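# An overview of the molecular structure
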Amino acid sequence: MKIRTLFSELAKALGNAIWFLVLLFPLMVMKVNVIGGKALVTFRWNFVPVLFITAFVLSFIWKRALIWNEHRQDKIPSQTFSYKIKVTLQLYFKNKAIKIGSTLLLIAFVGVFPFLFGMYHTNVMITAFIYVILALGLNIVVGLGGLLNLGYAAFFAVGAYTYGLLWKYVGPSFVSAGVDTGWLFWIALPLAGIIATIFGILLSLPVLRLRGDYLAIITLAFGEIVRMVLQNSGQITGGATGISLIPRPWFFGMKLAPKQAAVYIYYIVVVLVIFTIYVVRRIEDSRVGRALEAMREDEIACQAMGIDLVRNKLITFALGAFFAGIAGVVLAAQTTYINPDSFTLWESIIILMAIVIGGTGSIPGAIGGAMLLKLLPEYFRPLAQYRMLIYGVAMILVIIFKSDGLLPRHRKQYTFEEKSDSNASAGAAK
Amino acid sequence: MDYFLKLFLSGTAKGSIYALIALGYTMVYGIIQLINFAHGEVYMIGGFTALIFGGFFYTMGMPVWMVLLLSVILAVLFSAAFGFTIERIAYRPLRNKPRLSALISAIGISMILQNFVLLAQTEKYLSYPSYLPEFAFLQPFRQYINSTQFIILVVTAIIMIFLTILIKFTRIGKAMRATAQDKYMAQLVGVNINQVISITFIIGSALAAVGGVLICSYMGQINYYIGFVAGIKAFVAAVLGGIGSIPGAVLGSFILGWTESLGTGYISSDYEDAFAFIILILILVLKPDGILGKNQKQKV
Amino acid sequence: MNIDGNAILVIENLSMVFGGLRAIDSVSMYIKKGEIAALIGPNGAGKTTIFNCITGVYTPTEGTISIARNGTASGESLRKIQGLKPNVINHLGLARTFQNIRLFSNMSVLENVMIGRHNSLKAGIFNAIVRDPRTREEEQRVIEESYEILKKLNLHMFVNEMACNLPYGAQRRLEIARALATDPFLLLLDEPVAGMNPQETKELEETINIIRDQEQVTILLIEHDMSLVMNVSERIYVLDYGRLIAEGSPQEIKSNPEVIKAYLGE
């Protein structure tokens, strides 16, 4: 690298550092406090060198990173680093023994987890798994169907409130009839799925003609409206105070201590996660899944090939909503208390971030992203308050440098053998 | 009738603020087809910057008018700088990527800015000292309109006039209109579209900053979250009037302002925020291009 | 207009008005079963607009478009299709390619063609989840059929490649393969050889003939490449400023003064 270019780059970095120092000076260095109607400003001079140096280093790295990103597009796919890693990993896993071994290990780990790690961590895992279901559900809408849904939390809320309202209105009759209220959970689970699906279909009706940005905004509006309605209809839904004392799931009529209940719910949600993964995989690799992807790729071409857009969009939203509904019931059962604050726009955005960072359209990506976003704040406590900041930065980094995510989707590979009468017999390798 | 007039005027004031923000949205969308989620944050940062500098200058003993003038100018400068920087960092690298990418990036920036201000300053609602003058001549009308509302109306009107002159009669305005119509063609005839885009962001952000200072002075408080709510509403206003259309943004803003004002005055104040969303859904279902929007058919 | 008894597509007095612009003005034409016809004209004449009207992207302002049921030319039972949705029209037997390539870029070549087979399959969501034997058999069949189609267009070596990675000529062929997969009786090709070199053009010429001869598919193409048009089409319609100015065999069209005027000016 020439000295002259090095100097000019350093100069530019210096310039950028000064720019950011000035730009962020009022917000970062000056701190305002309003006491008695008067605004008082204090100076935190110690931020100045930190800010300056960070800006300097980062702008240097950023410029290089952008250039590297440009050139990366031009490289032949088989030469890239990530391809090499993928190939190595594939070779590693092709070994039957390793594949079976690691799968068994994973199953064992997941299976014994609650007994290894106690109630607190079990609950953390339950929450993480709930978000895995949510991420997988949203992945159908955004990843497969290409429809950006910013109000996904609304379906999550619908599911949770189905259980909550069932408890509130049907629960008392169960109690007076002497029936274990835990049954309500098992009734709510499929019911919430159905009701959420209905909501999904309802939402898709106004957006049938909309594209891209408009679609995103109206889903956002829908999400907010659902939350506002829940918040303001105190009479029916408990409003801001929510619904509490929601019963835990029925377990052979036994009364479970909180710790045991947590373990029970843990296994329930694991089963649900497996179910979700199974369904999503099946859909992905089917006629329906291909139609959804075609819609994502090019709506006009997909229509020209005979696919009914209206039906496709309905299916997309309905499927996505279904899984959010189920996840909602589990949340209600786990926390035994729900209120509208758990279903804000931020929730929707966090789920979106999970799949963007993990890789839109990719099942491992959705799982990985959800786990990452839910487990990280738990196990990196000191950084917890910077959580949203870090996620935001991560999302932007991913979208700029690796838009297919950390664990991108791999398309199914098909193999063909030529038979003697030149009719190929097909198989599929993955 | 008195009540109606009062509501109407306060609705107009509200609408003016929405207009200042909505213009930023609509100009950016018109030029690069991006819903700039971070725009609301720029508005909030404008308010905060004015608060910070205002407090500083005031405690230094400057006369009030000077405090006001300087804090507004600085708020505008800093917001403009933020808008410019955001575009450079988060949107320019994605210019040739699918639109979804830029949208996601915008959401990311919005989150980063909100949390940045939250962490760097405070999560609390801060009361906002207003340095705006009180006008004696408005005293007799004080049941209809107060000084701050009056200032909002006047300032916004002046800004609209300037903006119209800029867009219609200056060279840069022409360049902006050309770029909004057809980026490639504009480039071919020698327009520096990078510059034009940057200027669009700068102008939009500057307007939002003014809006931020005015509204915070009016409401008497500020919080890191206000950008989000105001941003959504201003966006609804822009869509209502036809996103990409400048007169549309203004029209939509006033309609929203009046609806909110009259709605909370006559119907219920619980659902104040809901009006915006209901309007949004109605418009997107009935006429997605907005009142003054152009019918955009996709080329096949 | 004399409607030939063998007509499988009949367009009568078609007009398309956009705002103040009359893009198509009272065009009447027909396509006979089994022929290869071409629609030519200077840029902006309205050719793709006609395609868009036929395939349901636009609803014509005036006029009718009718097709023969099941693509069998029986003169009487024509069915009006103007204003129907594109996917319905495709279901009825019309398929098209696009002027600007519209492949499903992030899907593989095989999958692009498999999507074309969408309407010949029945599996719904529950079938997909449960994957009953009939669905599995259907999927297997789709894979094999799609592969066969790829072979016909000499694309089978790209089978697992992402559509966006294909060389340009192959991408155009893939669009044709995908359209063929929908089992049409009439194939509309919009500038199939745009951007191709002479060799590729010659190959496509042969492909077009093969499609008509072996697949029994009638073809209507829009094209600017005159050598292809003259070599491959049996009848030509010429459009200028939205109006039909000539119709006839390649020989007739070549020497038609109106046509020459339209292309070269006075």
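All of these numbers come straight from a predicted model, not from anything done at the bench.

Taken together, the contact between chain A and chain B spans 58 residues of the former and 65 residues of the latter. Summed over both sides, the interface between chain A and chain B buries roughly 5,700 Å², with carbon and sulfur atoms accounting for 78% of that surface. For the pair chain A and chain B, the number of links is 0 salt bridges. Our enumeration of links across chain A and chain B arrives at 6 residue pairs in polar contact (both at pLDDT 80 or more). Of all elements in the fold, only α1 (3-29), β1 (30-35), β2 (38-43), α2 (47-74), α8 (212-232), α14 (345-358) and α16 (387-401) of chain A reach the threshold of two or more residues within the side of chain A that touches chain B. Tallying contributions element by element places α8(A) first for the side of chain A that touches chain B, with 11 residues.

Next up on the list: the pairing of strand β8 (residues 218-222) of chain C. Every other side chain in a regular strand lies on the same face of the sheet, so the side chains alternate between the two faces. Residues and elements named next belong to chain C. Of all 5 residues in β8, 5 are buried; the element is thus mostly enclosed. In β8, alternate side chains face the same way, and those of Thr218, Leu220 and Ile222 on one face and Ile219 and Leu221 on the other are all buried. As paired elements, strand β7 (residues 186-190) and β8 share 5 bridges and run parallel to each other. Counted as the bridge partner of leucine 188 is leucine 220 from β8. Each parallel crossover has a hand, and the one from β7 via helix α7 (residues 198-215) to β8 is right-handed.

Taken as a whole, this structure holds 33 salt bridges over all chains when the rule is applied. For Arg131(C), the salt bridge is made with Asp285(A), and the minimal N-O distance between the two is 3.7 Å. You can see Arg131(C) sitting in the loop between α4 (125-130) and α5 (133-152) and its partner Asp285(A) sitting in the loop between α10 (258-284) and α11 (287-297), one on each of two chains. With relative accessibility at 24%, the residue Arg131(C) sits in the partly exposed group.

All names here are of chain B. An ideal rise of 1.5 Å per residue puts 30 Å on 21 residues; helix α10 (residues 246-266) measures up with 30 Å between its terminal C-alpha atoms. Buried within α10 are the following residues: Gly248, Ala249, Val250, Gly252, Ser253, Phe254, Leu256, Gly257, Glu260, Ser261 and Gly263. In this fold, the buried residues of α10 make contact with α1 (2-32), α5 (147-169), α9 (226-241) and α11 (272-286).

Take the sheet that holds strand β5 (residues 78-80) of chain C next. Residues and elements named next belong to chain C. The strand order β2-β1-β4-β5 describes an open sheet built from 4 strands, whose pairing is antiparallel. Because the sheet does not close on itself, it has two edges, and the strands there are β2 (21-32) and β5. Each strand of the sheet is rotated relative to its neighbour by a mean of 20°, with strand direction disregarded. The strands that helix α1 (residues 47-54) touches are β1 (7-18), β2 and β4 (62-68); relative to β1, the one it contacts most, it runs at about 115°.

It is worth spelling out the sheet that holds strand β10 (residues 243-248) of chain C at this point. Residue and element names in this part refer to chain C. Sheet architecture is open: 6 strands sit in the order β6-β7-β8-β3-β9-β10, paired in mixed fashion. Two strands bound the open sheet, and with one partner strand each, they are β6 (94-96) and β10. Strand after strand, the sheet turns through a mean of 20° between neighbouring axes, direction not considered. Along the sheet face, α7 touches β3 (36-40), β7 and β8 and points at about 150° away from the line of β8. Its contacts with the sheet put helix α10 (residues 257-264) on β3, β9 (235-240) and β10, and the angle it makes with β10 is roughly 130°.

With that out of the way, let us pick up the nonpolar core. Counting residues in hydrophobic clusters, the biggest one holds 241 residues, and the most contacted among them are Phe129(A), Ile130(A), Leu134(A), Tyr163(A), Leu352(A) and Phe37(B). Broken down by element, the residue count for this core peaks at 18 residues, all from helix α4 (residues 96-144) of chain A. Split by domain, the residues of this core number at least three in each of domain 1 (3-74) and domain 2 (117-401) of chain A. Once you skip the residues sitting within four places of it in the chain, Phe37(B) turns out to touch Leu150(A), Ile217(A), Leu220(A), Tyr25(B), Leu103(B), Ala106(B), Ile107(B) and Ser110(B). Ranked by size, the runner-up nonpolar core spans 48 residues in total, among them Leu204(C), Val232(C), Ile236(C) and Ala246(C).

Take α14(A) next. With 14 residues, α14(A) ought to run about 20 Å at 1.5 Å a step, and its terminal C-alpha atoms sit 20 Å apart, in line with that. The element α14(A) is extensively covered by neighbouring structure, given that 14 of its 14 residues are classed as buried.

Turning our attention to the packing of α1(B) against helix α8 (residues 193-219) of chain B. Residues and elements named next belong to chain B. Taken N-terminus to C-terminus, the directions of α1 and α8 make an angle of 160°; their axes are 9 Å apart at the nearest point. Viewed along their axes, α1 and α8 adopt a mutual orientation that is roughly antiparallel. In this structure, α1 meets α8 at a crossing whose hand is left-handed. Residue composition of the contact of α1 with α8, grouped by class: 17 nonpolar, 5 polar and no charged.

Another point: a nonpolar patch on the surface. All names here are of chain A. Taken together, the side chains of Leu372, Leu376, Tyr379, Phe380, Leu383, Tyr386, Ile390, Leu406 and Leu407 define a hydrophobic patch exposed on the protein surface, amounting to about 790 Å² of accessible area. With 3 residues, helix α15 (residues 363-379) is the single largest residue contributor to the nonpolar patch. Relative to the helices and strands, isoleucine 390 is located in helix α16.

What follows deals with the packing of aromatic side chains. In this description, an aromatic ring pair is defined by two values, namely the gap between the centres and the angle between the planes. In total, this model carries 33 aromatic pairs over all chains according to the counting rule given. Judged by centre distance (6.0 Å) and plane angle (70°), the ring pair of Trp19(A) and Phe84(B) falls under edge-to-face. With Trp19(A) in helix α1 and Phe84(B) in helix α3 (residues 64-91), this residue pair bridges two chains. Owing to a relative accessible area of 36%, Trp19(A) belongs among the partly exposed residues under this scheme. For Phe84(B), a relative accessible area of 23% corresponds to the partly exposed category. The ring of Tyr131(A) has Lys374(A) sitting right over it, with the charged end atom 4.1 Å from the ring centre.

Taken as a whole and assessed by the stated rule, the structure comprises 0 disulfides over all chains. Unpaired in terms of disulfides, Cys302(A) finds its nearest cysteine sulfur in Cys164(C), a separation of 18 Å. Overall, the relative accessible area of 0% leaves Cys302(A) in the buried class.

A word on the confidence of the model for chain C. Residue-level pLDDT values for chain C average 88, and 95% of them are 70 or greater. For this predicted complex, the interface confidence reaches an ipTM of 0.89, while the overall pTM sits at 0.88.

A few words on the environment of Tyr18(B). All names here are of chain B. Relative to the assigned elements, tyrosine 18 resides in helix α1. It is 15 Å that separates the C-alpha atoms of tyrosine 18 and isoleucine 203, two residues lying 185 residues apart in sequence. With sequence-adjacent residues up to four places away left out, tyrosine 18 is seen in contact with Lys233, Ala234, Ser253, Leu256, Gly257 and Glu260.

The rules behind these values
Residues numbered from 1 in each chain as written. Chains lettered and ligands numbered in written order. Predicted model: local features only at pLDDT ≥ 70, side-chain atom pairs only at ≥ 80, totals over all residues. Heavy atoms only, no water. Contact = heavy atoms within 4.5 Å. Buried area = accessible area lost by both parts, 1.4 Å probe. Salt bridge = Lys/Arg side-chain N within 4 Å of Asp/Glu carboxyl O. Polar contact = N/O pair within 3.5 Å; in protein donor to acceptor, adjacent residues only side chain to side chain. Helix = DSSP H or I, 4+ residues; strand = E, 2+ residues; numbered from the N terminus. Buried < 20%, exposed > 50% of the residue type's maximum accessible area, 1.4 Å probe, protein only. Pairing = 2+ DSSP bridges. Right-handed = clockwise from strand over helix to strand, strands pointing away. Expected span 1.5 Å × (residues − 1). Axes fitted to C-alpha atoms, helices over the stretch in contact; angles between N-to-C directions. Core = buried A, V, L, I, M, F, W, Y, C linked by side-chain atoms within 4.5 Å. Domains from an automatic or database assignment. Parallel < 35°, antiparallel > 145°, perpendicular 65-115°, else oblique. Left-handed = near helix turned anticlockwise from the far one by under 90°. Nonpolar A, V, L, I, M, F, W, Y, C, P; charged D, E, K, R; others polar. Patch = residues over 30% accessible without salt bridge, like charges linked within 9 Å, V, L, I, M, F, W, Y side chains within 5 Å. Areas by Shrake-Rupley, 256 points an atom, 1.4 Å probe, with all protein chains shown as cover. Phe/Tyr/Trp six-rings, centres within 6.5 Å; stacked < 30°, edge-to-face > 60°. Lys NZ or Arg CZ within 6 Å of the ring centre and 35° of its normal. Disulfide = S-S within 2.5 Å. pLDDT = per-residue confidence, 0-100.

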